[in-house]
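Each chain, letter by letter, is given below.
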Amino acid sequence: MVSTPAVTAPATGRERSLFAFLGTGQVRRAALSGYLGSTIEFYDFILYATASSVVFGPLFFSGLNPLMQTVASYGTFATGYLSRPIGGIVFGHFGDRVGRKRMLLISMSVMGVASTLVGLVPSVPTLGAVCLILLRLIQGIAIGGEWGGSALLALEHSGGRKRGLAASFANAGGPSGAFLGTAALALFALLPHEQFVAWGWRVPFLLSAVLLIIGLYVRMTVQESPMFEKAVELDKSERAKRSIPLLEVLKRPRALIVGAFSGMGSFVIQGLFSTLALTYAVQHGVSQSVGLWGFAASQAAAAITIPIWASLSDRLGRRPVMIFGLLALAAVAFPLWSMFGSGSNGQVIAAFLIALPLLQSATFGPLAAFVSETFATSSRYTGASLGYQFASLLGAGFTPVIAASLLAAGHGNPAGVLWYLIGMCVVSALVLLLFARESKDLDITD
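Parameters at a glance
- Residues numbered from 1 in each chain as written.
- Predicted model: local features only at pLDDT ≥ 70, side-chain atom pairs only at ≥ 80, totals over all residues.
- Heavy atoms only, no water.
- UniProt positions renumbered as here; feature names shortened; annotations may be inferred.
- Patch = residues over 30% accessible without salt bridge, like charges linked within 9 Å, V, L, I, M, F, W, Y side chains within 5 Å.
- Areas by Shrake-Rupley, 256 points an atom, 1.4 Å probe, with all protein chains shown as cover.
- Salt bridge = Lys/Arg side-chain N within 4 Å of Asp/Glu carboxyl O.
- Helix = DSSP H or I, 4+ residues; strand = E, 2+ residues; numbered from the N terminus.
- Buried < 20%, exposed > 50% of the residue type's maximum accessible area, 1.4 Å probe, protein only.

Named according to an unreviewed UniProt entry, the chain is MFS transporter originating from Gryllotalpicola daejeonensis. Word for word, the UniProt comment on the chain under Subcellular location (unreviewed entry) is "Cell membrane".

Laid out in structure tokens, this is it:
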């Protein structure tokens, strides 16, 4: 194996101040790289989700009634989740064979180019919808490969008792990117409606090209995982014939299945409150701009709370923290939705802050380490990526479409949506309680 040379650069003062609690310089640099890379990736990915909630329906599905426009728009959103496991398999295979870093550079490049092209999609209903679906599939493949590498670089550089915290920065980058994407869209939503629909929504997508350049530079500064390099050298010294990483994972599928169903509830929460809740709030009297800024504020807060919950899981365990978040959200689902439908700016913003940074982050913070720690180094990229992406597919991929359909079937009554949310959270909590084993103290060097 030929290692990709790392660009060595001293840690900046900002990097030291933000990540000093993680220990050595390489752990800090890996966590920072994962955080910034994931921020840029999710800026692109969540920007599409938000745009599907407020723009794509009337623009590309104008022949349908407003409710079916929402369902069709969320359908294009779901295609990205369908392709995420493919990205996990492809990038995971080469990440376990060639190296984590190379795959991260490729995944970021693919994501950035696809997202920039979304801003150039023609405003023709049929042609535009087809282009959106194709680009969304490409986005999904890229994000399917991105997360596993980002989490593993930090996890494997850390290796010790703070690995839950270190790995969580790959997840903390998600809401940070969502904040940037939503804020950019909210800023252009201040334009007159005709201008926003005509061209304003495109600008945040085109800015992906700038973010791509910055992200690639940052990603070049991180070194390859020492745990991965040690495993490769061990294989060489023992002249071992390594099996295909995917086959290694499928030979012992329990970790994959438990990881997917344990994380499913977290993604249901994310998928519901990042799409339909926003649409529901706007339909019940809150301005589009206020709704977007409320969601953006919740994402900025989640970037802080995710590492906090992950750090707590390093002490108490992954399972107790995640179960708390799932059951607490299920308990307050109905009151939260009443707040979204209140027409009050303050209540909508408060509902976003309770649902996402306070409760969903408790399920999401420990998830990066939880789905990674039960796989061997030689198949960890593949196993962690598939576990995480299947969780996202089961949870967030179809949630907007299912929720919008349940809302339509109930003639606007949200009870069906909320019982669906509660049921999925309870299922994930039961899987964690009955079938998952605690992973925070496992030796991941084997």
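Engineer: Which parts of the structure should I look at to understand a nonpolar patch on the surface?
Structural biologist: Together, Leu327, Val426, Leu430, Leu433, Leu434 and Phe435 make up a nonpolar patch on the protein surface, roughly 550 Å² of accessible area in all. Here the nonpolar patch takes 4 residues from helix H21 (residues 415–434), the largest share from any one element. Within the element layout of this structure, leucine 327 appears in helix H15 (residues 318–331). With a relative accessible area of 41%, leucine 327 lands in the partly exposed category.

Engineer: It is not clear to me how the pattern of salt bridges should be interpreted in this structure. Could you clarify?
Structural biologist: Side-chain pairing between opposite charges can occur once the charged atoms of the two side chains come close. The full count for this structure, using the stated rule, is 7 salt bridges. A salt bridge links arginine 100 to glutamate 156; its shortest N-O distance comes to 2.7 Å. Remark: glutamate 156 occurs in helix H6 (residues 125–158) and arginine 100 occurs in helix H5 (residues 100–118); sequence separation between them is 56 residues. There is no split in this pair, since arginine 100 and glutamate 156 are both buried. The closest approach of N and O atoms between glutamate 373 and arginine 163, which form a salt bridge, is 2.6 Å.

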